[in-house]
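Here is how the chains run, residue by residue.
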Amino acid sequence: MSSDITAIFQSAPTIQILHWLVQGNLASSMSRAVRFWVILGMIYRDRLLPDLFHYPDLRDRLYTRHHPISDKFKAETFVNGCGDRHCICAKSLNNWLHITKDTQLHFQLLTGFDQQQLEAELSQFPFATVHRSIRADLEKLARLGWLKVLPRGEFQILAVDLLPQLPPDLYLGFFTERSPSQLPIVNSWLSQNLSRQQCLDLLVALDTLSMVQPNLELLLDSLSELLVSEQDGDRLLSQHQKLPHTFVNLDYILPVNVQDRVDDYHKQLADLWHTADSGVIQFDYEVIKLTSTSITQSLPINPNELSRFSSDIKQITAYPVCINYLRRAKYLSAYGIDPDGNMGWHNYRLDRITSKSLKILAWGDREVPKHLKQLRNSGKLPTPEVVQIELQKAWGFKFYEEPQLLLIRFSEDFARWYVDNTVRHPTFKSIPYNQISPLIQKAISNAHDRESILAILKQRSPSDRYYQALIRPNDINIIQRLRDWRPNGEVLAPISLRQRMIDETTQELMHYLPLL
């Protein structure tokens, strides 16, 4: 995405820009990040240096005439600046960064600093350093693509279109805080690549999706600003917002106050994923468990009794990998210590996190599991691609569960209208009746289960419609899909899932039968 990158230097530096300038190493390079921002602003925004310059040209622009120019001084000499309160070396990080409660939290998120560490860091003076440090900054900027190093200590300024460009997600609104300096960047790309009608359509669509992806707010603001600025834009925008013709209704079950809390978790994770080294998170999680026993084991059935559930709070320490929106809620897929205390994958519903915010653990923290540290050191931390690959292998979001064969029977009429020609999963497909028995013999290893399924199959009509799939049998989304097909779908395999359907339907039936 090409745009005028100098727009990022037009106002006070944002946390995200500073983090990006030092390649995600803000914790160890906060002073350098501010120096980068100041130097690049002087070069590309203010044009204070010639196209070819030496370090003294920059030094004389940065510092006042009272600032020492000798290379023989040590860093300790400048701890409290040079004595000139108007010199740039007298400005602390607090002077450069306008810290609010939100930005303070964001700084701590990206750096892993506690309150005391952050305050100590913000008291530093980024330009109260020796000249060789500033020279090293120029050399580093050259390696990052902002300048070109020439012989004899000379530096060359580059054309704006050759400069590094912000990643696309930074353009498209992945910011915890919105700044006016971000809008020109987004607006520039939108006006160059989309027609006005496309912007209008995109605005309506994203307004709905922003409920699931809260970081789209900046893009929505940019679209509105761009459209209003055009001729008759305000009138067109108003008409389009009031009279859309296509609607997307997302089944999102959370009340507004819970949505806000979930959005905060989502933003924390998005910010963490935009750091170079990501990190490990820790949070308290409410685990819900069904405590009632199998119906077939507790006959006779009391029609007044409903299923019973219990909850427990567990502390989770895990490496967050990705978020999925699925059947009314957002889930975080993470690898680490799961609710049972085992090392492995688990999906966490964000609304069941009970902590006020996610705790970010630095990789050196003793609470980070040793196995995660080993994975990081060997470059083998899990990625979203792993999740997507596993999701393709079997139907169901519990991708870390062993797949099993699903066999399900429908009447011919029901299948024709509600199942045929639908896409559920790559493994979900119809199977002729005469091919089911060989499939069961091959796929079902448990002899008792295999014989039970074959016995049931012999009692069913060959003219009915049969479907197969590989599924994650304990995944709630699979369970809910099968419930939706009741009473028109009969689960033949796996036997454990068939038994669950029997238990549920038996209990359900008892609620509707008259009392004798």
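The shown structure was predicted, so the numbers you read here are calculated from the model rather than taken from an experiment.

Asks: Tell me about the sheet that holds strand β1 (residues 52-54), residues and numbers included.
Replies: Strand pairing in a sheet takes place through backbone hydrogen bonds and is either antiparallel or parallel in direction. Read from one edge of the open sheet, three strands run β1-β3-β2, paired in antiparallel fashion. The sheet is open, and its two edges are formed by β1 and β2 (147-150), each paired on a single side. Going from strand to strand, the sheet's axes swing by 35° on average, the running direction of each strand aside. Of the strand pairs in this sheet, β2 and strand β3 (residues 154-157) are connected by four bridges, and their pairing is antiparallel. Residue Leu 147 lies in a different strand from β3, and its bridge partner there is Ile 157.

Asks: How would you sum up the pattern of salt bridges? Please name residues and give values.
Replies: Following the criterion strictly, the structure yields 22 salt bridges and no others. A salt bridge links Glu 504 to Arg 483, with the shortest nitrogen-to-oxygen separation between them at 2.7 Å. Taken together, the residues span a long stretch of sequence, with Glu 504 in helix α20 (residues 495-512) and Arg 483 in helix α19 (residues 476-485) at a distance of 21 residues. A relative accessible area of 16% places Glu 504 in the buried class. Through salt bridges with shared partners, a single network forms among Arg 409, Arg 460, Asp 464, Glu 490 and Arg 498.

Asks: Could you give an account of helix α6 (residues 115-122), with specific residues and numbers?
Replies: Every buried residue of α6 is listed here: Leu 118, Glu 121 and Leu 122. Along α6, the residues classed as buried sweep out an arc of 95° about the axis, all on the same side.

Asks: Give a description of the packing of aromatic side chains that names residues and reports values.
Replies: A full pass over the atoms with the stated rule returns 23 aromatic pairs. Residues Phe 9 and Trp 146 carry aromatic rings whose centres are separated by 6.2 Å and whose planes lie at 65° to one another, so their mutual orientation is edge-to-face. Residue Phe 9 is found in the segment before α1 (15-21), and its partner Trp 146 is found in the loop between α7 (131-143) and β2; the two are separated by 137 residues along the sequence. Considered together, Phe 9 and Trp 146 belong to a single accessibility category, that of buried residues. Cluster of aromatic residues (ring-pair linked, three or more members): Trp 395, Phe 410, Phe 414, Tyr 418, Phe 428, Tyr 467 and Trp 485. Sitting over the ring of Trp 37, Arg 45 keeps its end group 5.6 Å from the ring centre.

Calculation criteria
Residues numbered from 1 in each chain as written. Predicted model: local features only at pLDDT ≥ 70, side-chain atom pairs only at ≥ 80, totals over all residues. Heavy atoms only, no water. Pairing = 2+ DSSP bridges. Helix = DSSP H or I, 4+ residues; strand = E, 2+ residues; numbered from the N terminus. Axes fitted to C-alpha atoms, helices over the stretch in contact; angles between N-to-C directions. Salt bridge = Lys/Arg side-chain N within 4 Å of Asp/Glu carboxyl O. Buried < 20%, exposed > 50% of the residue type's maximum accessible area, 1.4 Å probe, protein only. Arc of directions from axis to C-beta. Phe/Tyr/Trp six-rings, centres within 6.5 Å; stacked < 30°, edge-to-face > 60°. Lys NZ or Arg CZ within 6 Å of the ring centre and 35° of its normal.

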